[in-house]
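# Structure at a glance
Listed below are the residues making up each chain.
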Amino acid sequence: MLGLDGLEGIFCEREWVVEEGHAAAHLRSRGLEVLATPYMLLYGEVTARECLDRRLPEDIVSVGVEALVRHLAPVPVGGRVLVNARIVGVAGRSVSVLVRVTRDDGVIAGEIYHVRRVVSLEDLKNRV
């Protein structure tokens, strides 16, 4: 019914360019513009959502319910990152995704453990 069979092991990737508006605000005034952690999480969550949702029936979507973020290295504004999302587990309606954010020089900038819950789009709309 939910279309979750066979999802484990699915791998997706997307490239992002760090925009000025995604810089850590507290560092901008000190002359250093680097990717802020909340935006790194955004890149990871969007990549994971796109990876999962395109494999679900049209009336089913996923929503983020948990994230553990490790920000490991700075990424300058204008820099490119490759975000890899791998589905590593399915338990009921929950799908676990490991996300790795890698700078264009090969340095791992971050890792995210992310859980998404699969829900009926109609049910979600009715709850909003």
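These numbers come from a predicted model, not from an experiment. Once a new chain begins, its residue numbering starts again from 1 and follows that chain's sequence as written. Totals for whole chains, interfaces and linings use every residue, but because this is a predicted model, local features are given only for residues with pLDDT of at least 70 and side-chain atom pairs only at 80 or more, for both listing and counting. Values reported for side chains reflect all heavy atoms of the structure, with hydrogen atoms and water molecules removed beforehand.

Strands are runs of DSSP state E lasting at least 2 residues, helices are runs of H or I lasting at least 4, and numbering of each runs from the N terminus. For S62, the position within the fold is in strand β2 (residues 60-71). Definition of a polar contact: a pair of N or O atoms within 3.5 Å, with one able to donate and the other able to accept a hydrogen when the atoms are protein atoms, and with sequence-neighbouring residues admitted only if both atoms are side-chain atoms. At 2.6 Å, the side chain of S62 and the side chain of D53 are in polar contact. Within polar-contact distance, the side chain of S62 engages the side chain of R116 at 2.8 Å. Filtering out sequence-adjacent residues up to four positions away, S62 remains in contact with R49, L52, D53, L56, R116, R117 and V118. Any two residues having at least one pair of non-hydrogen atoms within 4.5 Å are treated as being in contact.

Cysteine pairs can be linked by a disulfide, which is a covalent bond between their two sulfur atoms. By convention in this document, the label disulfide applies to cysteine sulfur atom pairs within 2.5 Å. On inspection of all chains with the given rule, the structure shows 1 disulfide. Each sulfur of the disulfide joining C12 and C51 lies 2.1 Å from the other. Taking the sign of the S-S torsion, about 70° here, the bridge from C12 to C51 comes out right-handed. Of the two residues, C12 sits in strand β1 (residues 11-17) while C51 sits in helix α2 (residues 37-53), which places them 39 residues apart along the sequence. When accessible area is computed with a 1.4 Å probe and restricted to protein chains, residues below 20% of their type maximum are described as buried, those above 50% as exposed, and intermediate ones as partly exposed. Here C12 falls in the buried class, since its relative accessible area comes to 5%. Look at C51 and you get buried, because its relative accessible area is 1%.

If you walk across this open sheet you meet the 5 strands as β1-β3-β4-β5-β2, and the pairing is antiparallel. Two strands close off the open sheet at either side, each with one partner strand: β1 and β2. Recorded for the sheet is a direction-independent mean angle of 25° between the axes of neighbouring strands. For two strands to be treated as a pair, DSSP must find no fewer than two bridges joining them. For helices, the axis comes from a line fit to the C-alpha atoms of the stretch in contact; other axes are also lines fit to C-alpha atoms, and the angle between any two N-to-C directions lies between 0 and 180 degrees.

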